[in-house]
Amino acid sequence: MLERRTAISLSNILLIVATSLLGVLLWQLRSLLVILMVAVVIAATIAPLIDKAERLQLPRWLAVIVVYVTLISGIVGAGLIIGPTVAEQIQLLAVNLPVYIENLRALVQKIVVSYNDERPDLVSQLLDTQALTSWVFRSSQQVLLRSYDITRGIIGGVFSLILALLISGYMVAGSQNLVKGLVQLFPSPWDERLEAQVAPMSQRMGNYIQGRVAVSGILGVAITLGLGFLGLSEFALGLGVIAGFTNLIPFVGPVLGAVPALIVAVSQGGWTFLWVLLLFVIIQNVETYVLDPLLVGSSVKVHPLYQLLAVLGGTQVLGILGALIVPPWVAGAAVLLENLYLKPKLVAENKAAVVVEASPDSTAVPIKSSTVK
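For clarity, every value in this text was computed on a predicted model and none was experimentally measured.

1. Describing the overall build of the protein
Right, so step 1: Secondary structure summary: the protein contains 14 helices and 0 strands in total.
Right, so step 2: Reading the protein from its N terminus to its C terminus gives the helix and strand order α-α-α-α-α-α-α-α-α-α-α-α-α-α.
Right, so step 3: Every one of the 373 residues in the protein was classed for burial, and the buried ones make up 30%.
Right, so step 4: Long-range contacts, defined here as pairs at least 24 residues apart, represent 71% of the contacts in the protein between residues at least 6 apart.
Right, so step 5: Carbon and sulfur atoms make up 71% of the accessible area of the protein, which totals about 23600 Å².

Below, the structure written as structure tokens:
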């Protein structure tokens, strides 16, 4: 008995040591793990396009090259066309931001004074323009630096993106052999069960990203045109691009995209501010009730609270990058939870209920026999 306790205790110690070493190893490889997470998301998004190209009698490796070259060329071409204008407008917006915030402070102070003229300096005490401006820049830098720290700076970020694209290309080109090689590590019947979940996981993750990109593109164009029509043509394209990119982040993205436009609109006058606010309210409702159900639909199948927690948690750990890639991973993990736990659990409960209903009632038999007699 004593020897058995010693063996169990030793095995527990070895398990703790192995787990600790694995945790240290994963922490040292966290940059590679993030690149792999990004690569999986890209592969899941690109896979449907490659499948369509493969139906044109192209070899899969050639379909991968054609699709990737086409998409990269389109993105680079769009960047060359609108990139200089967007950079110029965003730079001008950053330079004028303190002035716009000061105009906002003056407007708020005017409104407060109209209702309470005893403390005209109240707004100046509560709303320090310089402190608010520095806080905005500092907060933005901290969020961005979380992503930069993972990828070791801007150059490391570009290299990591290129590496993620290459890895995703290899994943898509040899997806069948890759999946079979991974699932062979698990005992039967889990190998077959996990292999069956790869396709629905990839489809849900890909549909989510495709839907968000489509919605963000439509809203970016709509906001650019709307702001130009409302008299903010000087910053319309830059603000539209900002709103389009921030809209990739669920829940908080649309609000973040509206803030710069509303700050600029304050300097143009009260009516312009109201019209810009109305524009974003209309666009937000169109996104919520039309575009999201139509383009994203029920691809996520995750409760909104869990989606919000995924966005906040991803932002806290990985910055903007985490807010973009963690939600699709949560959507993919939901497939495993549904198909490997919830559905089998429901089937087992239904079978148990049928067995209970089909079993004879011991108390009913004597009552039935007495009635016949």
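2. Thoughts on the packing of helix H2 (residues 30-54) against helix H8 (residues 190-229)
Right, so step 1: Where H2 contacts H8, the two axes come as close as 8 Å, and the packing angle between them is 85 degrees. Between H2 and H8, the interaxial angle falls into the category roughly perpendicular. Of the residues in H8, those touching H2 at Val40, Val41, Ala44, Thr45 and Pro48 are Ser202, Met205, Gly206, Ile209 and Gln210.
Right, so step 2: Of the residues assigned to the contact of H2 with H8, the class counts are 6 nonpolar, 4 polar and no charged.

3. Re the packing of helix H12 (residues 304-318) against helix H13 (residues 320-358)
Right, so step 1: Where H12 meets H13, the closest approach of the two axes is 7 Å, and the angle between their N-to-C directions is 135 degrees. The angle between H12 and H13 falls in the class oblique. When you trace H12 past H13, the crossing you get is right-handed. Within the contact between the two elements, H12 uses Ala310, Val311, Gly314, Thr315 and Leu318 and H13 uses Ile320, Leu321, Gly322, Ala323, Ile325, Val326, Pro327 and Val330.
Right, so step 2: Its residues assigned to classes, the contact of H12 with H13 comprises 10 nonpolar, 3 polar and no charged.

4. Overview of the confidence of the model for the protein
Right, so step 1: Of the residues in the protein, 79% reach a pLDDT of 70 or more, and the chain-wide mean stands at 78.
Right, so step 2: Mean pLDDT across the secondary structure elements of the protein bottoms out at helix H14 (residues 364-372), with 45, and peaks at helix H9 (residues 236-246), with 90.
Right, so step 3: When the criterion is pLDDT under 50, residues 1-7 qualifies, and its contacts beyond four places in sequence or with other chains add up to 0 contacts.

5. Things to note about the side chain of Gln89
Right, so step 1: Among the structural elements, Gln89 can be located in helix H3 (residues 60-115).
Right, so step 2: Excluding anything up to four places from it in sequence, Gln89 contacts Ser233, Glu234, Phe235, Ala236, Leu237 and Gly238.

6. Focus: a nonpolar patch on the surface
Right, so step 1: On the surface, Trp271, Leu274, Trp275, Leu277, Leu278, Val281, Ile282, Val286, Tyr289 and Val290 cluster together to form a nonpolar patch covering roughly 1000 Å² of accessible area.
Right, so step 2: As for its placement among the helices and strands, Val281 is situated in helix H11 (residues 270-296).

7. Points about unusual backbone geometry
Right, so step 1: Note that the residue after Ser188, namely Pro189, is joined by a cis bond; omega there is 5 degrees.
Right, so step 2: Inspection of the secondary structure assignment puts Pro189 in the loop between helix H7 (175-183) and H8.
Right, so step 3: A positive phi angle, close to 65 degrees, is found at Gln57, a residue other than glycine.
Right, so step 4: Its place among the elements puts Gln57 in the loop between H2 and H3.

Calculation notes
- Residues numbered from 1 in each chain as written.
- Predicted model: local features only at pLDDT ≥ 70, side-chain atom pairs only at ≥ 80, totals over all residues.
- Heavy atoms only, no water.
- Helix = DSSP H or I, 4+ residues; strand = E, 2+ residues; numbered from the N terminus.
- Buried < 20%, exposed > 50% of the residue type's maximum accessible area, 1.4 Å probe, protein only.
- Contact = heavy atoms within 4.5 Å.
- Areas by Shrake-Rupley, 256 points an atom, 1.4 Å probe, with all protein chains shown as cover.
- Axes fitted to C-alpha atoms, helices over the stretch in contact; angles between N-to-C directions.
- Parallel < 35°, antiparallel > 145°, perpendicular 65-115°, else oblique.
- Nonpolar A, V, L, I, M, F, W, Y, C, P; charged D, E, K, R; others polar.
- Left-handed = near helix turned anticlockwise from the far one by under 90°.
- pLDDT = per-residue confidence, 0-100.
- Patch = residues over 30% accessible without salt bridge, like charges linked within 9 Å, V, L, I, M, F, W, Y side chains within 5 Å.
- Salt bridge = Lys/Arg side-chain N within 4 Å of Asp/Glu carboxyl O.

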